[in-house]
Amino acid sequence: MFFDNVNEAPKDPILGLTDEFNKDKNPNKVNLAVGVYQDDNGLTTTFKSVIQAEKILLDMNIPKSYKPIDGDKEFLSKSIEMVLGEKILDNNQSYPIALNTPGGTGALKLASEFLNIFSSKSTVWFSNPTWPNHKPIFEASGFKTNGYEYFDKEKNIVAFENMIASIKKIPAGDIILLHGCCHNPTGCDLSDDQWEEISSVIKNNDIITICDFAYQGLGDGIDEDASGVRILSEKLDDVFICSSYSKNFGLYSERVGCLIYKSKDEIKSEKILSQLKKTARTIYSNPPAHGSEIVKIILNDEYLKKLWIKDLSILRNRIKEMRVSLLSNLTDLGCKKDFSFIVDQNGMFSFSGISTEDVKKLRSEYSIYIVDSGRVNIAGITSKNINYISESINKVI
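Summarised in this report is the structure supplied together with it. Worth saying up front: this structure is predicted, and the values here are computed from it rather than measured. (Residues numbered from 1 in each chain as written. Predicted model: local features only at pLDDT ≥ 70, side-chain atom pairs only at ≥ 80, totals over all residues. Heavy atoms only, no water.)

What follows covers the packing of helix α3 (residues 73–84) against helix α9 (residues 227–235). Axis separation between α3 and α9 bottoms out at 8 Å; the angle between their running directions is 100°. Compared by their axis directions, α3 and α9 come out roughly perpendicular. Contact with α3, carried on its side by E81, M82, V83 and L84, involves V229, R230 and S233 of α9 and no other residues of that element. Taken together, the residues that form the contact of α3 with α9 break down as 4 nonpolar, 1 polar and 2 charged. (Axes fitted to C-alpha atoms, helices over the stretch in contact; angles between N-to-C directions. Helix = DSSP H or I, 4+ residues; strand = E, 2+ residues; numbered from the N terminus. Parallel < 35°, antiparallel > 145°, perpendicular 65-115°, else oblique. Contact = heavy atoms within 4.5 Å. Nonpolar A, V, L, I, M, F, W, Y, C, P; charged D, E, K, R; others polar.)

Pasting the structure below:
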């Protein structure tokens, strides 16, 4: 019979933990695995700016017809400006194009499928470590994958010299994927000088470049977090940027993303846009509209934009406060492991340095759910559970 030999697929390394968490009966259980922002009450609330934009959108009574394959032009223009800077569209030396995609993951998949059509023999290189879904996305398109050095586990910093050395070994015509900011899972980012150096190596070695930019605004600020992406954009002749609105607008379930391609050749940009639209047509046909309309309304309205920036700063500052509080608690408890590096990391995640063995103890003995790699979602820590988390970590370390 058909499908009799189909085996059960392995659980997703992150979402599978949430299934376990949901079944756990411990009233003190804590989920620090899934990458979703939570406020101090442990809730993923909707931004005030988004609520107001949705009310405006409802009154507008926009028809539910299909969007163009590449999406709403105004949304795309605002996305390009937010990622590459407000002056980018006035620059006659730069020709960015964009497509509205189903989330940042959709942008990655669209880039993957397009590149496999035109550069199928390339190997795709990811940072070691990287987001667990990166490799499956590109391998499903038919690519071989490999890794470049990124993180020093002993010092809990970017191993930049090793990173540069390994990138220099990537063959011309291969593909590199970089994290724009708030590196997932380490939380350790590159400085502007390091971005400059990497851009030079990539350009000299003729490497195809994709930048996953899922956390703009969660590190130091909207423009500050885009610094590396903009350096890549200025230095390289071609770059793909996969942007997401899940975290910085809280639009997780709306699946709002944007694939931006920037070239210094206008004709090339137009040709690639036509091919990306053809590829998108075979994957999802047209992008979802509700979330992108919300983003467009907010970015076009000065009051709502300021409110959104305030919403985002509250989110960003709470994460930073939890980093400081966690370190303070562990220090006060006399924890024998030095966690001072946590306050220097950016974004929602921390590569905590907690061993896989200790992660499993936290899960089985204290119902604290952390990815096996030791990656912690700092946004899952609240003023109500931080003492329990700190005491539990101190007991197993």
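As a further point, take the layout of surface pockets. As a volume, the largest pocket reaches approximately 730 Å³. Lining the largest pocket we find 30 residues, and of these G35, T105, W131, Y215 and K247 sit closest to its centre. Contributions of two or more residues to the lining of the largest pocket are made by α4 (103–118) and α5 (134–140). Sorting elements by how many residues they give to the lining of the largest pocket places α4 first, with 4 residues. (1 Å grid on protein atoms, 1.4 Å probe; cavity = no way out; pocket = protein on both sides within 12 Å on 5 of 7 lines; lining within 4 Å. Points joined across faces, edges and corners; volume = space filled by probe spheres on them.)

As a further point, take the packing of helix α11 (residues 290–300) against helix α12 (residues 302–332). Axes are the key here: two packed helices are described by the angle between their axes and the distance separating the axes. Relative to each other, α11 and α12 sit at 105°, their axes nearing to 5 Å. Relative to α12, α11 is oriented roughly perpendicular. Only E302, L304, K305 and W308 of α12 make contact with α11, whose side of the interface consists of I297, I298, L299 and N300. Residue classes in the contact of α11 with α12 are distributed as 5 nonpolar, 1 polar and 2 charged.

Next up on the list: the side chain of D39. In this structure, D39 sits in the loop between β1 (30–31) and α2 (48–60). Within the buried core, D39 has no salt-bridge partner, and the shortest N-O distance to an opposite charge, that of R318, equals 6.3 Å. Non-local contacts of D39, meaning those with residues more than four positions away in its chain, are made with T45, R318 and T382. (Buried < 20%, exposed > 50% of the residue type's maximum accessible area, 1.4 Å probe, protein only. Lys, Arg positive; Asp, Glu negative; His and termini not counted. Salt bridge = Lys/Arg side-chain N within 4 Å of Asp/Glu carboxyl O.)

According to the stated counting rule, one finds 3 cavities of 30 Å³ or more in the structure shown. Taken as a whole, the largest cavity spans an internal volume of roughly 60 Å³. The wall of the largest cavity is formed by L32, L326, F339, I342, S350, S352, I354, I370, V376, I378, I381 and I393. Grouping the constituent residues of the lining of the largest cavity by class yields 10 nonpolar, 2 polar and no charged. Within this model, the second largest cavity holds a volume of roughly 40 Å³. Lining the second largest cavity, in full, are S127, Y148, Y150, M163, L178, H179, H183, L190 and W195. Looking at the lining of the second largest cavity residue by residue, the class counts come to 6 nonpolar, 3 polar and no charged.

Here the focus is α12. Compared with the 45 Å implied by 1.5 Å per residue over 31 residues, the 45 Å span of α12 between its first and last C-alpha is a close match. The opening residue of α12 is D301, an N-cap whose side-chain oxygen sits 3.0 Å from the backbone nitrogen of Y303. Positive backbone phi, approximately 75°, marks G334, located one or two places after α12. (Expected span 1.5 Å × (residues − 1). Polar contact = N/O pair within 3.5 Å; in protein donor to acceptor, adjacent residues only side chain to side chain.)

Here we take up unusual backbone geometry. Residue P129 follows N128 across a cis peptide bond; omega there is 10°. Cis rather than trans, the peptide bond between N184 and P185 has omega equal to 25°. Following the sequence through the fold, P185 ends up in the loop between β7 (175–179) and α7 (192–205). Although it is not a glycine, D206 sits at a positive phi angle of roughly 55°. Mapped onto the secondary structure, D206 falls in the loop between α7 and β8 (208–213). Even without being a glycine, S285 presents a positive backbone phi close to 70°. Inspection of the secondary structure assignment puts S285 in the loop between α10 (266–283) and α11.

The side chains of a regular strand alternate, first on one face of the sheet and then on the other. Where burial is concerned, most of strand β9 (residues 238–244) is hidden: 6 out of the 7 residues are buried. The pairing of β8 with β9 spans 4 bridges and is parallel. Paired with C211 across the two strands is I241, which belongs to β9. Here β9 runs beside strand β10 (residues 256–263); their pairing, made up of 7 bridges, is antiparallel. Paired with C242 across the strands is L259, a residue of β10. (Pairing = 2+ DSSP bridges.)

Residue position: L276 is located in helix α10. Separated by 178 residues in the primary sequence, L276 and A98 have C-alpha atoms spaced 9.3 Å apart. The residues touching L276, leaving out its near neighbours within four places in the chain, are I97, L99, L110, F114 and L259.

Counted residue by residue, β10 has 8 buried out of 8 residues, so it is predominantly covered. Across the two faces of β10 the burial is the same, with V256, C258, I260 and K262 and G257, L259, Y261 and S263 all buried.

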